[in-house]
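In case you want the letters, here they are:
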Amino acid sequence: MSFVSEFDALPLPALLREAREAGSAAVRESLARERLSLTDFARLISPAAGEMLETLARRSHALTLQRFGRVVRLFAPLYLSNECINNCKYCGFSRDNPILRVTLTLDEVKREARALAAQGFRSLLLVAGEHPKFVSRDYLRDCVAALHGEFSSVSLEVGPMETEDYRPLVQAGADGLVVYQETYDRAVYAEMHTAGPKRNFNWRMETPERAYAAGFRRLGIGALYGLADWRHEAICVAAHAQYLLRHCWKAFLTISLPRLRPCAGEFQPLTHMSDRELAQLVCVFRI
């Protein structure tokens, strides 16, 4: 059993109706609850709840202070390689893009890390495309081992691996793994990922569970808002988070809200999410 089974059984049509059609009374009813269900979550990302943004923000702020105090944890991404064997329509690293490909040597990784440390960063996120030759398990292990002693936290955002391939990275000092599902809409996922192992939707969705089994104690998930309906994505992320909190309870869980916006180039976001809707979603995830 994994989250895939629970995901496939989600009553998404009913939840999406709540997210699109919930009225003010239903929103207030959900806001009054101390612990939110998925139905409550769906109501709080509705247009009606968007009209109560100040109320959402106040509750979110109070809970943030209660749980974390006045603390902001900063990290810096360190890009190791733009080599990739996947074709993803929205990504500049895509295999068929005619760009200069670079993979940092271990000495270059250390130099980049020292530059970040000089700016005060003590937490690193090592980022790379998915390529088993250039971004191998052993290469990642060596990068983590070289940096572990100088940084309080070293996390990874790389191509999904088997549990046994993750274990040496944890042993070398990596404590976190970030993997975005990109989109929880199976049809859009298939359209966006045209070649490479990333086409396997279920394999990617199960990655946080494999990482947890390998010993990672910080898990990060999220969707890339702009690929599919943002309310659909948010409900699925919330369901995924609930599952991980139940089954991977020894790990800290983080949720990221990356958003695609119009830019130069061929690919443009398929859907739009306004600044106000993004603020609403941030508040609801905190609640």
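Residues numbered from 1 in each chain as written. Predicted model: local features only at pLDDT ≥ 70, side-chain atom pairs only at ≥ 80, totals over all residues. Heavy atoms only, no water.

## Looking at the packing of aromatic side chains
Logical step 1: Inspection of every chain in the model, using the stated rule, returns nine aromatic pairs.
Logical step 2: With 6.1 Å between their ring centres and 50° between their planes, Phe7 and Tyr184 make a pair best called tilted. With Phe7 in helix H1 (residues 3-8) and Tyr184 in the loop between strand S5 (176-178) and helix H10 (186-192), this residue pair connects regions lying 177 residues apart in the sequence.
Logical step 3: Between Tyr79 and Phe93, the ring centres sit 6.4 Å apart and the planes meet at 80°, which makes this aromatic pair edge-to-face. Of this pair, Tyr79 sits in strand S1 (residues 76-81) while Phe93 sits in the loop between strand S2 (87-88) and helix H7 (106-118), placing them 14 residues apart in sequence.
Logical step 4: For Tyr79, a relative accessible area of 48% translates into the label partly exposed.
Logical step 5: On the basis of relative accessible area, Phe93 is assigned to the partly exposed category, the value being 24%.
Logical step 6: Each residue in the set Phe3, Phe7, Tyr184, Tyr189, Phe201 and Tyr243 is aromatic and connected to the rest through ring pairs, giving one cluster. (Phe/Tyr/Trp six-rings, centres within 6.5 Å; stacked < 30°, edge-to-face > 60°. Helix = DSSP H or I, 4+ residues; strand = E, 2+ residues; numbered from the N terminus. Buried < 20%, exposed > 50% of the residue type's maximum accessible area, 1.4 Å probe, protein only.)

## Some thoughts on the pattern of salt bridges
Logical step 1: As enumerated under the stated definition, the model contains 18 salt bridges in all.
Logical step 2: With a closest N to O distance of 3.5 Å, Asp138 and Arg137 form a salt bridge.
Logical step 3: With a relative accessible area of 34%, Asp138 lands in the partly exposed category.
Logical step 4: Each of Glu18, Glu29, Arg33, Asp40 and Arg43 takes part in salt bridges that share partners, so that together they form one network. (Salt bridge = Lys/Arg side-chain N within 4 Å of Asp/Glu carboxyl O.)

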